[in-house]
Amino acid sequence: MLLLSRIRQRNADPVRTTRLVAALAAALTVGAGLALRAMAEGSVAKYGGDTLYTVLVLALVVLLAPRVTPLTATVSALVFSCAVEFLQLSGIPSELSQRSGIARLVLGSTFNAPDLLWYAVGAAVGGLVHAALRSFPARRPSVRG
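Residues numbered from 1 in each chain as written. Predicted model: local features only at pLDDT ≥ 70, side-chain atom pairs only at ≥ 80, totals over all residues. Heavy atoms only, no water.

## Overview of the overall build of the protein chain
- Tallying secondary structure elements over the protein chain gives seven helices and zero strands in all.
- Starting at the N terminus and walking to the C terminus, you meet the elements of the protein chain as α-α-α-α-α-α-α.
- Looking at the 145 residues of the protein chain, the share that counts as buried comes to 33%.
- A separation of at least 24 residues holds for 66% of the contacts in the protein chain among residues at least 6 apart in sequence.
- When the accessible surface of the protein chain is summed, it comes to about 9,200 Å², and 67% of that surface belongs to carbon and sulfur atoms. (Helix = DSSP H or I, 4+ residues; strand = E, 2+ residues; numbered from the N terminus. Buried < 20%, exposed > 50% of the residue type's maximum accessible area, 1.4 Å probe, protein only. Contact = heavy atoms within 4.5 Å. Areas by Shrake-Rupley, 256 points an atom, 1.4 Å probe, with all protein chains shown as cover.)

## Topic: the layout of surface pockets
- Approximately 980 Å³ is the volume found for the largest pocket.
- Arg 37, Gly 49, Tyr 53, Arg 104 and Leu 105 are, among the 31 residues lining the largest pocket, the residues nearest its centre.
- For the lining of the largest pocket, the secondary-structure elements that each account for two or more residues are α2 (14-39), α3 (42-64), α4 (70-87), α6 (101-107) and α7 (114-135).
- The dominant element in the lining of the largest pocket, judged by the number of residues it contributes, is α3, at ten residues. (1 Å grid on protein atoms, 1.4 Å probe; cavity = no way out; pocket = protein on both sides within 12 Å on 5 of 7 lines; lining within 4 Å. Points joined across faces, edges and corners; volume = space filled by probe spheres on them.)

## Focus: the pattern of salt bridges
- Tallying each qualifying case throughout the model produces three salt bridges.
- Close ionic contact of Asp 50 with Lys 46 constitutes a salt bridge, the shortest N to O distance being 3.6 Å. Of the two residues, Asp 50 and Lys 46 are both situated in helix α3; the distance of four residues between them amounts to about one turn of the helix.
- Between Asp 115 and Lys 46 there is a salt bridge, with the nearest N and O atoms lying 2.9 Å from each other. Of the two residues, Asp 115 sits in helix α7 while Lys 46 sits in helix α3, which places them 69 residues apart along the sequence.
- Of the residues examined, Lys 46 reaches a relative accessible area of 35% and is grouped as partly exposed.
- A network of salt bridges, in which partner residues are shared, links Lys 46, Asp 50 and Asp 115. (Salt bridge = Lys/Arg side-chain N within 4 Å of Asp/Glu carboxyl O.)

Below you can see the structure in the form of structure tokens.
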């Protein structure tokens, strides 16, 4: 929270501060996802990745729309993640995934119903963090006389 306080002190513009924090959150989430992939296997890697995927989507929503409420950001990230999962039933993501590694990371390839639960977990965690950061008061330098 000290870092957030320093960012807010240096940036008087709350929109700019929100975007900066969202960009930092997105970068940290990608790093966490890559670390998870490198260190974990099986269900932990898969479902942890699903959770982080939705956290990343939420961070990107806030980056693009910095005045968005935590509830709207949470619902938007969850709806997007679930829409991508249901799109996998069409076979389009599978076809695109065969042609592009980026498409495989973004769209996945096969529908898996348990992913929907982990997207909800990621949305909830990301939404709670967003709400907490929004409610964190900016520290004002004390005036001593």
